[in-house]
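If you want the building blocks of each chain, they are given just below.
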Amino acid sequence: PGGSYDTGPNIYTQVRIEDLATAVKSQPAAESFVKQVTFTNGPESNVSITSSDGWVGLLTQAITIGNSTNRVKIDTGGKPEVGGYINNTFKIGLFRDTTPTEANAGDESRLLYTASDQIADNSDNYSEITGVVWVDTPGSVGIHTYYYMFKQTQDHGSHDARANANTLTMCCTEIKGA
């Protein structure tokens, strides 16, 4: 800006496009690798639980699968956490087509992924789990709903597992199958 620069020799080409369809090669939707992307964030308000609460839903995202061989990549972000005294533990879970009510009634047959963490000392620290990336093959067309849940499995004192409002995300991507 504001000066003169020597950029060396320049070569210019002029192209006249008569038909945009022949100038741009587009891939038909049927051949596209990514079929659709859905996204949500939340929870709408702060969530705090104790060990007596069982599985509690944090995020819910539905996606409609168009081919039974297609896969769904589920990518959750954010950090549910548990406050710290020794032995406080909590779990996160990623479920397909299983509501928190069904999970608490013992139906964990569609639990895709679970992880747990524990406070190991009395330092008043907290522990967090940073999310999940999972590729699922539902095996059928139609609507599939994914639930990102957590539960506190052991608590000590008044330190509850928690997730703050609008700190979590879930993105579901339908990917072309074989």
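Residues numbered from 1 in each chain as written. Predicted model: local features only at pLDDT ≥ 70, side-chain atom pairs only at ≥ 80, totals over all residues. Heavy atoms only, no water.

A.B. asks: Would you mind showing me how to read the packing of aromatic side chains here?
C.D. replies: Taken as a whole, this structure holds 2 aromatic pairs when the rule is applied. Summarising the aromatic geometry, the rings of Trp 55 and Phe 95 are spaced 5.2 Å apart at their centres and angled 80° between planes, so their arrangement reads as edge-to-face. Here Phe 95 lies in strand S6 (residues 89–96) and Trp 55 lies in the loop between strand S2 (47–49) and strand S3 (56–65), a separation of 40 residues in the sequence. For the pair formed by Trp 55 and Phe 95, the shared burial category is buried. (Phe/Tyr/Trp six-rings, centres within 6.5 Å; stacked < 30°, edge-to-face > 60°. Helix = DSSP H or I, 4+ residues; strand = E, 2+ residues; numbered from the N terminus. Buried < 20%, exposed > 50% of the residue type's maximum accessible area, 1.4 Å probe, protein only.)

A.B. asks: Could you clarify how one ought to interpret the nonpolar core in this entry?
C.D. replies: One broad trend across soluble globular proteins is that nonpolar side chains are buried collectively. Ile 92, Tyr 146, Tyr 148 and Phe 150 are the most contacted members of the largest nonpolar core, which has 24 residues in total. Those elements that provide at least two residues to this core are S2, S3, strand S4 (71–77), S6, strand S7 (111–118), strand S10 (142–154), strand S11 (161–163) and strand S12 (168–175). Counting residues per element, this core draws most heavily on S3, at 5 residues. Aside from chain neighbours lying at most four places away, what touches Ile 92 is Trp 55, Pro 80, Tyr 113, Thr 114, Ala 115, Ile 129, Val 132, Tyr 148, Met 149 and Phe 150. Grouped together as the second largest cluster of nonpolar side chains are 5 residues, Phe 95, Ala 103, Tyr 147 and Met 149 included. (Core = buried A, V, L, I, M, F, W, Y, C linked by side-chain atoms within 4.5 Å. Contact = heavy atoms within 4.5 Å.)

A.B. asks: Could you clarify how one ought to interpret the confidence of the model for the protein chain in this entry?
C.D. replies: Interpreting fine coordinate detail is not advised for predicted regions of low pLDDT. Mean pLDDT for the protein chain: 79, with 70% of residues reaching 70 or above. Looking at the elements of the protein chain, mean pLDDT is at its lowest for helix H1 (residues 20–23), recorded as 52, and at its highest for S12, recorded as 95. (pLDDT = per-residue confidence, 0-100.)

A.B. asks: Mind showing me how you'd approach the pattern of salt bridges here?
C.D. replies: Enumeration over the complete set of coordinates arrives at 2 salt bridges. With a closest N to O distance of 2.6 Å, Asp 136 and Arg 96 form a salt bridge. Pair noted here: Asp 136 is in strand S9 (residues 133–136) and Arg 96 is in strand S6, with a separation of 40 residues, a long-range link. (Salt bridge = Lys/Arg side-chain N within 4 Å of Asp/Glu carboxyl O.)

A.B. asks: Would you explain a nonpolar patch on the surface in this entry?
C.D. replies: Nonpolar side chains collect at one region of the surface, where Phe 33, Val 34 and Val 37 lie side by side and expose about 280 Å² of accessible area between them. Considering the arrangement of structural elements, one finds Val 34 in strand S1 (residues 34–42). (Patch = residues over 30% accessible without salt bridge, like charges linked within 9 Å, V, L, I, M, F, W, Y side chains within 5 Å. Areas by Shrake-Rupley, 256 points an atom, 1.4 Å probe, with all protein chains shown as cover.)

A.B. asks: Looking at this structure, how should I read the pairing of S4?
C.D. replies: Remember that side chains alternate between the two faces of the sheet whenever the strand is regular. Where S4 lies against S12, 7 bridges are found, and the strand directions are antiparallel. When the sheet's bridge partners are listed, Gly 77 is paired in S12 with Thr 169. Pairing of S4 with S9, which is carried by 4 bridges, proceeds in the antiparallel orientation. If you follow Asp 75 over to S9, its bridge partner there is Val 133. (Pairing = 2+ DSSP bridges.)

A.B. asks: Just to check I follow, could you spell out the environment of Gly 139 for this structure?
C.D. replies: Relative to the elements of secondary structure, Gly 139 occurs in the loop between S9 and S10. The class of Gly 139 is partly exposed, set by a relative accessible area of 46%. Residues Gly 139 and Asn 67, spaced 72 residues apart in sequence, show a C-alpha to C-alpha distance of 8.3 Å.

A.B. asks: Looking at this structure, I do not really get the environment of Thr 76. What am I missing?
C.D. replies: Within the secondary structure, Thr 76 sits in strand S4. For the pair formed by Thr 76 and Leu 59, sequence separation is 17 residues and the distance between their alpha carbons is 9.1 Å. For Thr 76, the residues in contact, after removing those within four places along its chain, are Thr 130, Gly 131, Val 132, Tyr 148, Thr 169 and Met 170. Here Val 132 takes part through its backbone nitrogen, which lies 2.7 Å from a polar atom of the side chain of Thr 76. (Polar contact = N/O pair within 3.5 Å; in protein donor to acceptor, adjacent residues only side chain to side chain.)

A.B. asks: Help me out: how do you make sense of the side chain of Arg 96 in this one?
C.D. replies: Arg 96 gets classed as buried once you look at its relative accessible area, which sits at 15%. Those residues in contact with Arg 96, other than ones at most four positions away along the chain, are Arg 110, Leu 112, Asp 136, Thr 137, Pro 138, His 144, Thr 145 and Tyr 146.

A.B. asks: Explain unusual backbone geometry here, please?
C.D. replies: Negative phi is the rule for most residues except glycine; trans is the rule for most peptide bonds. Cis peptide bonds are those with omega within 30 degrees of zero, and the linkage from Gly 42 to Pro 43 qualifies with -5°. Relative to the helices and strands, Pro 43 is located in the loop between S1 and S2. Here Asp 97, not a glycine, exhibits a phi torsion of approximately 55°, which is positive. The phi dihedral of Asn 166 is positive, around 55°, even though this residue is not glycine. For Asn 166, the location among the structural elements is in the loop between S11 and S12. The class for Asn 166 is partly exposed, based on a relative accessible area of 47%.

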